Amino acid sequence: MTVTSAPAALPPLAARTRTVGGSPVREILAVTARPEVINFAGGLPAPELFDKEGIAAAFRAVLEESPERALQYSTTEGEPALRAGLAARVSAQGLPTDADDLLITTGSQQALSLLATALIEPGDTVLVESPCYLAALQVFGLAGARVLPVPCDEDGVDPAALEELVRAERPKLLYLVPTFQNPTGRTMPAARRAAVATAAARHGLWIVEDDPYGELRYDGDRVPWIATLPGAEDRTVLLGSFSKVMAPGLRLGWLRAPAGLRRACAVAKQAADLHTPTVNQLAAARYLDVLDGHVATVRTVYGARRDAMLAGLPDALPAGSTWNRPEGGMFLWARLPEPYDTTALLRRVVEQGVAYVPGEPFYATGPDRSTLRLCFVTQTPKDIEEGLRRLAKGLSS
(Lines give C-alpha, C1' and ligand atoms only; values in the text may rest on other atoms or scores of the structure.)
Protein backbone atom coordinates (compact mmCIF):
# COMPACT_ATOMS: atom_id res chain seq x y z
CA MET A 1 0.00 0.00 0.00
CA THR A 2 1.32 3.41 -1.00
CA VAL A 3 1.10 6.11 1.64
CA THR A 4 1.13 9.70 0.41
CA SER A 5 1.82 12.51 2.76
CA ALA A 6 0.14 15.88 2.59
CA PRO A 7 2.07 18.42 0.52
CA ALA A 8 4.29 20.70 2.50
CA ALA A 9 3.14 24.25 3.08
CA LEU A 10 4.56 26.90 0.79
CA PRO A 11 6.91 29.54 2.21
CA PRO A 12 5.05 32.68 3.32
CA LEU A 13 4.76 35.89 1.36
CA ALA A 14 7.31 38.59 2.08
CA ALA A 15 6.54 40.38 5.33
CA ARG A 16 6.24 43.76 3.59
CA THR A 17 3.30 42.49 1.50
CA ARG A 18 1.52 41.31 4.62
CA THR A 19 1.86 44.57 6.53
CA VAL A 20 0.99 47.09 3.78
CA GLY A 21 -2.63 47.01 2.66
CA GLY A 22 -4.16 47.84 -0.69
CA SER A 23 -5.36 51.27 -1.71
CA PRO A 24 -8.63 52.24 0.00
CA VAL A 25 -9.30 54.61 -2.91
CA ARG A 26 -9.13 51.72 -5.38
CA GLU A 27 -11.45 49.71 -3.16
CA ILE A 28 -13.93 52.61 -2.98
CA LEU A 29 -13.83 53.00 -6.77
CA ALA A 30 -14.65 49.32 -7.18
CA VAL A 31 -17.68 49.69 -4.92
CA THR A 32 -18.87 52.88 -6.62
CA ALA A 33 -18.35 51.83 -10.23
CA ARG A 34 -22.11 51.74 -10.88
CA PRO A 35 -23.00 54.29 -13.58
CA GLU A 36 -25.72 55.86 -11.42
CA VAL A 37 -23.18 56.86 -8.74
CA ILE A 38 -21.82 60.40 -9.02
CA ASN A 39 -18.24 59.77 -8.08
CA PHE A 40 -16.23 62.45 -6.31
CA ALA A 41 -13.87 59.75 -5.00
CA GLY A 42 -11.51 59.11 -7.89
CA GLY A 43 -8.47 61.08 -8.92
CA LEU A 44 -9.17 60.45 -12.59
CA PRO A 45 -9.04 63.09 -15.32
CA ALA A 46 -12.24 63.68 -17.29
CA PRO A 47 -12.28 61.13 -20.14
CA GLU A 48 -14.42 63.29 -22.42
CA LEU A 49 -11.56 65.80 -22.52
CA PHE A 50 -8.94 63.36 -23.78
CA ASP A 51 -7.65 64.55 -27.15
CA LYS A 52 -8.48 61.26 -28.82
CA GLU A 53 -7.93 62.54 -32.35
CA GLY A 54 -4.65 64.28 -31.55
CA ILE A 55 -3.19 61.32 -29.68
CA ALA A 56 -4.39 58.87 -32.34
CA ALA A 57 -2.75 61.03 -35.01
CA ALA A 58 0.52 61.00 -33.06
CA PHE A 59 0.46 57.20 -32.84
CA ARG A 60 -0.39 56.85 -36.55
CA ALA A 61 2.46 59.13 -37.55
CA VAL A 62 4.96 57.25 -35.41
CA LEU A 63 3.86 53.85 -36.69
CA GLU A 64 3.84 55.01 -40.31
CA GLU A 65 7.18 56.85 -40.22
CA SER A 66 9.30 54.66 -37.94
CA PRO A 67 7.54 51.38 -37.11
CA GLU A 68 10.76 49.43 -36.61
CA ARG A 69 11.90 51.88 -33.95
CA ALA A 70 8.48 52.34 -32.34
CA LEU A 71 7.92 48.61 -31.88
CA GLN A 72 11.45 47.77 -30.75
CA TYR A 73 13.12 47.72 -27.34
CA SER A 74 14.41 51.09 -26.18
CA THR A 75 16.93 52.48 -23.73
CA THR A 76 16.15 52.40 -20.03
CA GLU A 77 16.62 56.15 -19.68
CA GLY A 78 13.96 56.91 -22.28
CA GLU A 79 13.57 57.87 -25.91
CA PRO A 80 15.86 60.80 -26.82
CA ALA A 81 13.07 62.68 -28.62
CA LEU A 82 10.82 62.63 -25.56
CA ARG A 83 13.61 63.51 -23.15
CA ALA A 84 14.71 66.42 -25.33
CA GLY A 85 11.17 67.78 -25.68
CA LEU A 86 10.50 67.36 -21.99
CA ALA A 87 13.82 69.01 -21.05
CA ALA A 88 12.86 72.04 -23.13
CA ARG A 89 9.47 72.17 -21.42
CA VAL A 90 10.96 71.98 -17.91
CA SER A 91 13.60 74.59 -18.81
CA ALA A 92 10.90 76.95 -20.08
CA GLN A 93 9.18 76.66 -16.69
CA GLY A 94 12.26 77.95 -14.86
CA LEU A 95 14.48 74.94 -14.21
CA PRO A 96 17.36 74.60 -16.71
CA THR A 97 17.37 70.95 -17.74
CA ASP A 98 19.16 68.79 -20.29
CA ALA A 99 17.79 65.59 -21.75
CA ASP A 100 20.43 63.64 -19.82
CA ASP A 101 19.02 64.99 -16.52
CA LEU A 102 15.82 63.01 -17.06
CA LEU A 103 14.67 59.41 -16.68
CA ILE A 104 11.37 58.43 -18.31
CA THR A 105 9.24 56.18 -16.11
CA THR A 106 6.11 54.09 -16.51
CA GLY A 107 3.96 56.66 -14.76
CA SER A 108 5.24 58.87 -11.96
CA GLN A 109 4.16 56.17 -9.52
CA GLN A 110 7.02 54.05 -10.85
CA ALA A 111 9.38 56.96 -10.21
CA LEU A 112 8.43 56.80 -6.53
CA SER A 113 9.08 53.06 -6.44
CA LEU A 114 12.46 53.46 -8.13
CA LEU A 115 13.46 56.14 -5.64
CA ALA A 116 12.43 53.92 -2.74
CA THR A 117 14.59 51.11 -4.17
CA ALA A 118 17.55 53.42 -4.72
CA LEU A 119 17.40 55.35 -1.45
CA ILE A 120 15.60 53.51 1.32
CA GLU A 121 16.91 50.72 3.52
CA PRO A 122 14.47 48.97 5.88
CA GLY A 123 14.19 51.09 9.00
CA ASP A 124 15.16 54.37 7.33
CA THR A 125 13.04 57.35 8.32
CA VAL A 126 10.98 59.16 5.69
CA LEU A 127 9.13 62.39 6.39
CA VAL A 128 5.82 63.14 4.67
CA GLU A 129 3.12 65.78 4.75
CA SER A 130 0.08 65.33 6.94
CA PRO A 131 -2.12 64.30 5.22
CA CYS A 132 -0.11 62.69 2.40
CA TYR A 133 -0.62 61.21 -1.05
CA LEU A 134 -1.86 57.72 -0.29
CA ALA A 135 0.17 55.76 -2.85
CA ALA A 136 3.38 57.34 -1.54
CA LEU A 137 2.57 55.92 1.89
CA GLN A 138 2.21 52.51 0.21
CA VAL A 139 5.55 52.79 -1.57
CA PHE A 140 7.45 53.83 1.53
CA GLY A 141 5.71 51.19 3.60
CA LEU A 142 6.65 48.43 1.14
CA ALA A 143 10.25 49.65 1.26
CA GLY A 144 10.26 49.11 5.02
CA ALA A 145 10.60 52.78 5.87
CA ARG A 146 9.62 54.36 9.14
CA VAL A 147 7.19 57.01 7.91
CA LEU A 148 6.67 60.10 10.08
CA PRO A 149 4.31 63.00 9.33
CA VAL A 150 5.42 66.62 9.53
CA PRO A 151 2.78 68.88 11.10
CA CYS A 152 1.12 71.03 8.45
CA ASP A 153 -1.16 74.03 8.18
CA GLU A 154 -3.03 75.54 5.22
CA ASP A 155 0.33 76.39 3.60
CA GLY A 156 1.89 72.93 3.94
CA VAL A 157 4.68 71.71 6.20
CA ASP A 158 5.51 73.83 9.25
CA PRO A 159 9.20 74.82 8.85
CA ALA A 160 9.86 74.90 12.61
CA ALA A 161 8.31 71.46 13.07
CA LEU A 162 10.32 70.19 10.11
CA GLU A 163 13.59 71.45 11.62
CA GLU A 164 12.78 69.79 14.93
CA LEU A 165 11.91 66.44 13.30
CA VAL A 166 15.01 66.46 11.12
CA ARG A 167 17.27 67.09 14.10
CA ALA A 168 15.57 64.46 16.23
CA GLU A 169 14.93 61.69 13.68
CA ARG A 170 17.71 62.05 11.08
CA PRO A 171 15.45 61.16 8.12
CA LYS A 172 16.78 60.21 4.71
CA LEU A 173 14.19 62.05 2.66
CA LEU A 174 11.21 64.39 2.74
CA TYR A 175 8.38 63.67 0.32
CA LEU A 176 6.20 66.61 -0.79
CA VAL A 177 3.46 67.46 -3.27
CA PRO A 178 3.84 71.23 -2.84
CA THR A 179 1.54 72.35 -5.68
CA PHE A 180 -2.19 71.51 -5.55
CA GLN A 181 -1.44 68.72 -3.12
CA ASN A 182 -3.20 65.38 -3.10
CA PRO A 183 -5.39 65.12 -1.05
CA THR A 184 -5.77 68.70 0.24
CA GLY A 185 -5.37 70.79 -2.92
CA ARG A 186 -3.20 73.27 -1.01
CA THR A 187 -0.14 74.98 -2.48
CA MET A 188 3.00 75.76 -0.51
CA PRO A 189 3.98 79.45 -0.82
CA ALA A 190 7.41 80.50 -2.09
CA ALA A 191 8.72 81.53 1.35
CA ARG A 192 7.74 78.16 2.82
CA ARG A 193 9.48 76.36 -0.06
CA ALA A 194 12.64 78.36 0.57
CA ALA A 195 12.57 77.34 4.24
CA VAL A 196 12.28 73.68 3.23
CA ALA A 197 15.23 74.03 0.85
CA THR A 198 17.32 75.66 3.58
CA ALA A 199 16.50 72.91 6.07
CA ALA A 200 17.43 70.21 3.55
CA ALA A 201 20.76 71.88 2.82
CA ARG A 202 21.56 72.43 6.50
CA HIS A 203 20.80 68.89 7.65
CA GLY A 204 21.64 66.72 4.65
CA LEU A 205 18.24 65.60 3.41
CA TRP A 206 16.85 64.45 0.08
CA ILE A 207 13.70 66.23 -1.10
CA VAL A 208 11.31 64.39 -3.40
CA GLU A 209 9.13 67.05 -5.06
CA ASP A 210 6.17 65.39 -6.77
CA ASP A 211 4.38 67.64 -9.27
CA PRO A 212 1.67 65.80 -11.20
CA TYR A 213 -0.84 68.68 -11.06
CA GLY A 214 1.28 71.84 -11.50
CA GLU A 215 0.08 72.66 -15.02
CA LEU A 216 -3.57 72.58 -13.91
CA ARG A 217 -3.65 76.14 -12.50
CA TYR A 218 -6.96 78.03 -12.74
CA ASP A 219 -6.03 81.26 -11.01
CA GLY A 220 -3.19 82.82 -9.05
CA ASP A 221 0.49 82.94 -9.95
CA ARG A 222 2.80 80.01 -10.52
CA VAL A 223 5.12 79.22 -7.60
CA PRO A 224 8.66 78.10 -8.53
CA TRP A 225 9.67 74.50 -7.94
CA ILE A 226 11.69 73.78 -4.81
CA ALA A 227 14.27 72.30 -7.17
CA THR A 228 15.04 75.83 -8.43
CA LEU A 229 15.86 77.25 -4.99
CA PRO A 230 19.31 77.85 -3.46
CA GLY A 231 20.39 74.91 -1.32
CA ALA A 232 18.07 72.46 -3.05
CA GLU A 233 19.78 72.06 -6.42
CA ASP A 234 21.88 69.00 -5.57
CA ARG A 235 19.38 67.23 -3.32
CA THR A 236 15.95 67.58 -4.95
CA VAL A 237 14.29 64.97 -7.15
CA LEU A 238 11.50 66.46 -9.27
CA LEU A 239 8.78 64.08 -10.45
CA GLY A 240 6.28 64.77 -13.21
CA SER A 241 3.57 62.99 -15.13
CA PHE A 242 1.69 63.17 -18.42
CA SER A 243 -1.30 61.39 -16.85
CA LYS A 244 -3.20 64.52 -15.86
CA VAL A 245 -2.39 66.64 -18.92
CA MET A 246 -2.26 64.06 -21.74
CA ALA A 247 -3.76 60.68 -20.77
CA PRO A 248 -3.15 58.29 -17.85
CA GLY A 249 -3.44 55.23 -20.09
CA LEU A 250 -0.13 56.14 -21.72
CA ARG A 251 1.57 55.50 -18.34
CA LEU A 252 4.26 58.12 -18.87
CA GLY A 253 6.08 59.90 -16.07
CA TRP A 254 9.56 61.23 -15.46
CA LEU A 255 12.07 62.13 -12.82
CA ARG A 256 14.80 64.75 -12.79
CA ALA A 257 17.55 63.95 -10.31
CA PRO A 258 21.26 64.47 -9.63
CA ALA A 259 23.42 62.15 -11.74
CA GLY A 260 24.33 59.56 -9.13
CA LEU A 261 20.78 59.03 -7.92
CA ARG A 262 19.42 59.09 -11.47
CA ARG A 263 21.83 56.30 -12.47
CA ALA A 264 20.77 54.24 -9.44
CA CYS A 265 17.12 54.67 -10.45
CA ALA A 266 17.96 53.57 -13.99
CA VAL A 267 19.50 50.36 -12.64
CA ALA A 268 16.37 49.78 -10.54
CA LYS A 269 14.21 50.37 -13.62
CA GLN A 270 16.22 47.83 -15.63
CA ALA A 271 15.25 45.26 -13.01
CA ALA A 272 11.61 46.37 -13.04
CA ASP A 273 10.62 46.70 -16.70
CA LEU A 274 13.74 47.35 -18.82
CA HIS A 275 12.15 50.49 -20.28
CA THR A 276 8.87 52.35 -20.68
CA PRO A 277 6.97 51.39 -23.88
CA THR A 278 8.72 52.85 -26.92
CA VAL A 279 5.68 53.58 -29.04
CA ASN A 280 4.00 55.51 -26.20
CA GLN A 281 7.12 57.61 -25.69
CA LEU A 282 7.47 58.47 -29.36
CA ALA A 283 3.80 59.37 -29.70
CA ALA A 284 4.01 61.57 -26.62
CA ALA A 285 7.13 63.28 -27.98
CA ARG A 286 5.22 64.17 -31.14
CA TYR A 287 2.16 65.30 -29.16
CA LEU A 288 4.26 67.73 -27.10
CA ASP A 289 4.00 70.16 -30.01
CA VAL A 290 0.27 70.67 -29.36
CA LEU A 291 0.10 69.89 -25.64
CA ASP A 292 -0.12 73.51 -24.49
CA GLY A 293 -3.32 74.09 -26.45
CA HIS A 294 -4.89 70.97 -24.99
CA VAL A 295 -3.88 71.92 -21.44
CA ALA A 296 -5.46 75.35 -21.91
CA THR A 297 -8.77 73.70 -22.81
CA VAL A 298 -8.57 71.37 -19.82
CA ARG A 299 -7.83 74.27 -17.46
CA THR A 300 -10.91 76.15 -18.61
CA VAL A 301 -13.23 73.20 -18.09
CA TYR A 302 -11.73 72.10 -14.78
CA GLY A 303 -11.76 75.64 -13.41
CA ALA A 304 -15.51 75.87 -14.06
CA ARG A 305 -16.05 72.53 -12.32
CA ARG A 306 -14.04 73.65 -9.30
CA ASP A 307 -16.19 76.78 -9.10
CA ALA A 308 -19.38 74.71 -9.34
CA MET A 309 -18.31 72.56 -6.41
CA LEU A 310 -17.30 75.55 -4.31
CA ALA A 311 -20.65 77.20 -5.00
CA GLY A 312 -22.58 74.13 -3.84
CA LEU A 313 -20.63 73.19 -0.73
CA PRO A 314 -22.29 75.62 1.74
CA ASP A 315 -25.62 73.83 1.25
CA ALA A 316 -24.10 70.33 1.01
CA LEU A 317 -21.99 70.13 4.17
CA PRO A 318 -23.17 70.36 7.77
CA ALA A 319 -23.04 73.69 9.60
CA GLY A 320 -19.58 74.22 11.06
CA SER A 321 -17.77 72.49 8.20
CA THR A 322 -14.69 74.09 6.64
CA TRP A 323 -13.06 73.65 3.25
CA ASN A 324 -10.37 75.18 1.09
CA ARG A 325 -10.37 76.92 -2.29
CA PRO A 326 -7.59 75.32 -4.36
CA GLU A 327 -6.03 77.47 -7.08
CA GLY A 328 -5.68 74.43 -9.30
CA GLY A 329 -5.35 70.66 -9.40
CA MET A 330 -8.15 68.17 -8.96
CA PHE A 331 -9.08 68.03 -5.27
CA LEU A 332 -10.88 69.90 -2.57
CA TRP A 333 -10.45 69.06 1.12
CA ALA A 334 -13.21 69.46 3.70
CA ARG A 335 -13.45 68.99 7.44
CA LEU A 336 -16.79 68.27 9.09
CA PRO A 337 -17.55 69.26 12.68
CA GLU A 338 -17.29 66.69 15.47
CA PRO A 339 -18.55 64.04 15.91
CA TYR A 340 -18.81 63.32 12.16
CA ASP A 341 -16.76 60.30 11.06
CA THR A 342 -16.42 60.30 7.27
CA THR A 343 -15.31 56.66 7.12
CA ALA A 344 -18.37 55.49 9.04
CA LEU A 345 -20.64 57.75 6.99
CA LEU A 346 -19.44 56.63 3.58
CA ARG A 347 -21.79 53.66 3.26
CA ARG A 348 -24.84 55.85 3.95
CA VAL A 349 -23.63 58.41 1.44
CA VAL A 350 -23.03 55.79 -1.27
CA GLU A 351 -26.59 54.59 -0.73
CA GLN A 352 -27.66 58.04 -1.94
CA GLY A 353 -25.70 57.55 -5.19
CA VAL A 354 -22.61 59.67 -4.51
CA ALA A 355 -19.11 58.95 -3.20
CA TYR A 356 -16.09 60.69 -1.67
CA VAL A 357 -12.84 59.48 -0.13
CA PRO A 358 -12.63 59.62 3.68
CA GLY A 359 -9.59 61.47 4.94
CA GLU A 360 -8.46 58.72 7.30
CA PRO A 361 -6.20 56.67 4.92
CA PHE A 362 -4.19 59.74 3.89
CA TYR A 363 -2.57 60.07 7.32
CA ALA A 364 0.63 58.27 8.25
CA THR A 365 -0.40 58.46 11.91
CA GLY A 366 -3.17 60.05 13.97
CA PRO A 367 -5.85 60.44 11.27
CA ASP A 368 -8.44 63.20 11.38
CA ARG A 369 -11.60 61.14 10.86
CA SER A 370 -13.76 64.20 10.18
CA THR A 371 -12.02 64.98 6.86
CA LEU A 372 -12.84 64.00 3.29
CA ARG A 373 -11.48 64.50 -0.23
CA LEU A 374 -13.66 65.54 -3.15
CA CYS A 375 -12.47 65.32 -6.77
CA PHE A 376 -14.23 67.96 -8.88
CA VAL A 377 -12.78 67.41 -12.36
CA THR A 378 -14.59 64.26 -13.53
CA GLN A 379 -18.17 65.55 -13.25
CA THR A 380 -19.98 68.29 -15.17
CA PRO A 381 -21.29 71.32 -13.22
CA LYS A 382 -24.80 69.89 -13.51
CA ASP A 383 -23.70 66.52 -12.09
CA ILE A 384 -21.71 68.28 -9.38
CA GLU A 385 -24.86 70.11 -8.31
CA GLU A 386 -26.83 66.87 -8.16
CA GLY A 387 -23.98 65.02 -6.45
CA LEU A 388 -23.75 67.64 -3.72
CA ARG A 389 -27.51 67.43 -3.22
CA ARG A 390 -27.15 63.68 -2.70
CA LEU A 391 -24.17 64.24 -0.42
CA ALA A 392 -26.18 66.58 1.79
CA LYS A 393 -28.93 63.97 2.05
CA GLY A 394 -26.47 61.20 2.91
CA LEU A 395 -24.70 63.24 5.59
CA SER A 396 -27.96 64.24 7.23
CA SER A 397 -29.75 60.89 7.09
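Just above sits the structure.
Described below are features of the structure shown in this document. Quick caveat, the model's predicted, so the values are computed rather than measured. (Residues numbered from 1 in each chain as written. Predicted model: local features only at pLDDT ≥ 70, side-chain atom pairs only at ≥ 80, totals over all residues. Heavy atoms only, no water.)

## Some details on the overall build of the protein chain
How we decide: Only runs of H or I of at least four residues qualify as helices and only runs of E of at least two qualify as strands under DSSP, and these elements are numbered from the N terminus. Taken over C-alpha atoms, the radius of gyration is set against a globule rule of 2.2 Å times the number of residues to the power 0.38. Working definition: with a 1.4 Å probe on protein chains only, accessible area under 20% of the residue-type maximum means buried, over 50% means exposed, and in between means partly exposed.
A count of helical and extended segments in the protein chain gives 14 helices and 15 strands. The C-alpha atoms of the protein chain give 22 Å as radius of gyration, which agrees with the globular expectation for 397 residues (21 Å, within 12%). The C-alpha extent of the protein chain, read off along each of the three principal axes, is 70 × 65 × 60 Å. Burial analysis of the protein chain (397 residues in total) assigns 54% to the buried set.

## Describing the packing of helix α6 (residues 108-119) against helix α7 (residues 134-142)
Note the threshold: Here, axes are lines fitted to C-alpha atoms. For helices the fit covers the stretch in contact, and angles between N-to-C directions go from 0 to 180 degrees. Throughout, the term roughly parallel applies to angles under 35 degrees, roughly antiparallel to angles over 145, roughly perpendicular to angles from 65 to 115, and oblique to all others. By definition, turning the near helix anticlockwise from the far helix through less than a right angle yields a left-handed crossing, and turning it clockwise yields a right-handed one. Contacts were defined at the residue level, with two residues in contact if any of their heavy atoms lie within 4.5 Å.
With their axes 9 Å apart at the nearest point, α6 and α7 run at an angle of 30° to one another. Here α6 lies roughly parallel to α7, going by the angle between them. Crossing angle aside, the handedness with which α6 passes α7 is right-handed. Listed contacts from α7 to Gln 109, Leu 112, Ser 113 and Ala 116 of α6 are Ala 135, Ala 136, Val 139 and Phe 140.

## Section: the pattern of salt bridges
Using the following cut-off: By definition here, a salt bridge exists when the distance from a side-chain nitrogen of Lys or Arg to a carboxyl oxygen of Asp or Glu is within 4 Å.
Per the counting criterion, the structure on display carries 22 salt bridges. Across the pair Arg 69 and Glu 79 runs a salt bridge whose closest N-O atoms are separated by 2.6 Å. One end of the pair, Arg 69, is in helix α4 (residues 67-70); the other, Glu 79, is in the loop between α4 and α5 (80-92), and 10 residues separate them in sequence. Take Arg 69: its relative accessible area is 41%, and that puts it in the partly exposed class. On the basis of relative accessible area, Glu 79 is assigned to the buried category, the value being 5%. Here Arg 192 ties to Asp 153 by a salt bridge, and the two come within 3.2 Å at their closest N and O atoms. On the criterion of sequence distance, the pair formed by Arg 192 in helix α9 (residues 190-203) and Asp 153 in strand β5 (residues 152-153) is long-range, its members being 39 residues apart.

## Section: the nonpolar core
Quick reminder of the rule: Residues grouped as a nonpolar core are buried Ala, Val, Leu, Ile, Met, Phe, Trp, Tyr and Cys residues, joined through side-chain atoms within 4.5 Å.
Core analysis: the biggest nonpolar cluster contains 106 residues, and Phe 140 and Tyr 175 have the highest contact counts within it. Ranked by residue count, the leading element in this core is helix α12 (residues 291-316), at 9 residues. The residues contacting Tyr 175, other than those within four sequence positions of it, are Leu 112, Leu 127, Val 128, Glu 129, Cys 132, Tyr 133, Ala 136, Phe 140, Val 208 and Asp 210. Leu 165, Leu 176, Ala 197 and Ala 199 belong to the second largest nonpolar core, which has 19 residues in total.

## Some points on the environment of Thr 380
If you trace the backbone, Thr 380 turns up in the loop between β15 (371-375) and α14 (381-396). Between the C-alpha atoms of Thr 380 and Arg 262, which are 118 residues apart in sequence, the distance is 41 Å.

## Focus: the packing of α6 against helix α10 (residues 259-272)
Condition: Under the scheme applied, nonpolar residues are Ala, Val, Leu, Ile, Met, Phe, Trp, Tyr, Cys and Pro; charged residues are Asp, Glu, Lys and Arg; polar residues are all the others, including Gly.
Packing of α6 against α10 brings their axes to within 9 Å, and their N-to-C directions diverge by 110°. As the angle between them shows, α6 and α10 are arranged roughly perpendicular. Our pair here, α6 against α10, has a crossing hand that is right-handed. Across the interface between the two elements, Gln 110, Leu 114, Leu 115, Thr 117, Ala 118 and Leu 119 from α6 touch Leu 261, Ala 264, Cys 265, Ala 268, Lys 269 and Ala 272 from α10. Taken together, the residues that form the contact of α6 with α10 break down as 9 nonpolar, 2 polar and 1 charged.

## Observations regarding the sheet that holds β15
Quick reminder of the rule: The pairing criterion for strands is at least two bridges between them, as found by DSSP.
The 4 strands lie next to each other as β11-β12-β15-β14, forming an open sheet whose pairing is antiparallel. Looking at strand neighbours, the two that pair on one side only are β11 (322-323) and β14 (357-358), the edges of this open sheet. Both β14 and β15 contribute to a ladder of 2 bridges, which runs antiparallel. Across the sheet, Val 357 pairs through a bridge with Arg 373, a residue of β15.

## Some thoughts on the packing of aromatic side chains
As a reminder of what qualifies: Note on ring pairs: Phe, Tyr and Trp rings are taken, using the six-membered ring of Trp, and paired if centres are within 6.5 Å. Classes follow the plane angle, with under 30 degrees stacked, over 60 edge-to-face and the rest tilted.
This model, assessed by the stated rule, comprises 5 aromatic pairs. Ring plane angle 70° and centroid distance 5.7 Å describe the contact between Phe 140 and Tyr 175, whose orientation is recorded as edge-to-face. With Phe 140 in helix α7 and Tyr 175 in strand β7 (residues 173-176), this pair connects stretches of sequence that are 35 residues apart. When sorted by exposure, Phe 140 lands in the same class as Tyr 175, which is buried.

## Focus on the side chain of Asp 211
Rules: Counted charges follow a simple rule, with Lys and Arg positive, Asp and Glu negative, and His plus the chain ends left uncounted. For the purposes of these results, a polar contact is taken to be a pair of N or O atoms within 3.5 Å, where, inside protein, one atom must be able to donate a hydrogen and its partner to accept one; residues adjacent in sequence count only when each atom of the pair is a side-chain atom.
By the secondary structure assignment, Asp 211 is in the loop between β8 (206-210) and β9 (236-241). Here Asp 211 is buried and forms no salt bridge, its nearest opposite-charge partner Arg 222 lying at an N-O distance of 5.3 Å. Within polar-contact distance, the side chain of Asp 211 engages the backbone nitrogen of Gly 214 at 3.1 Å. Setting aside residues up to four positions removed in sequence, Asp 211 forms contacts with Thr 179, Trp 225, Leu 238, Leu 239 and Gly 240.

## Some thoughts on α6
Where we set the bar: To estimate the expected span of a helix, subtract one from its residue number and multiply by 1.5 Å.
Between the first and last C-alpha of α6 there are 16 Å, a value that for 12 residues agrees with the 16 Å anticipated at 1.5 Å per step. Those residues of α6 lying buried are Ser 108, Gln 110, Ala 111, Leu 112, Leu 114, Leu 115, Ala 116 and Leu 119.

## Things to note about the side chain of Arg 256
Checked against the element boundaries, Arg 256 lands in strand β10 (residues 253-256). This buried residue, Arg 256, is left without a salt bridge; Asp 101 holds the nearest opposite charge, at 4.3 Å. For Arg 256, the side chain forms a polar contact with the side chain of Thr 97, separated by 2.8 Å.

## Re the state of the cysteines
Let me state the cut-off plainly: By disulfide we mean two sulfur atoms from cysteines, separated by a distance within 2.5 Å.
In total, this model carries 0 disulfides according to the counting rule given. No disulfide involves Cys 132; its sulfur sits 9.2 Å from that of Cys 152, the nearest cysteine. Cys 265 takes part in no disulfide bond, and the closest cysteine sulfur, belonging to Cys 132, lies 18 Å away. By relative accessible area, which is 0% here, Cys 265 ends up buried.

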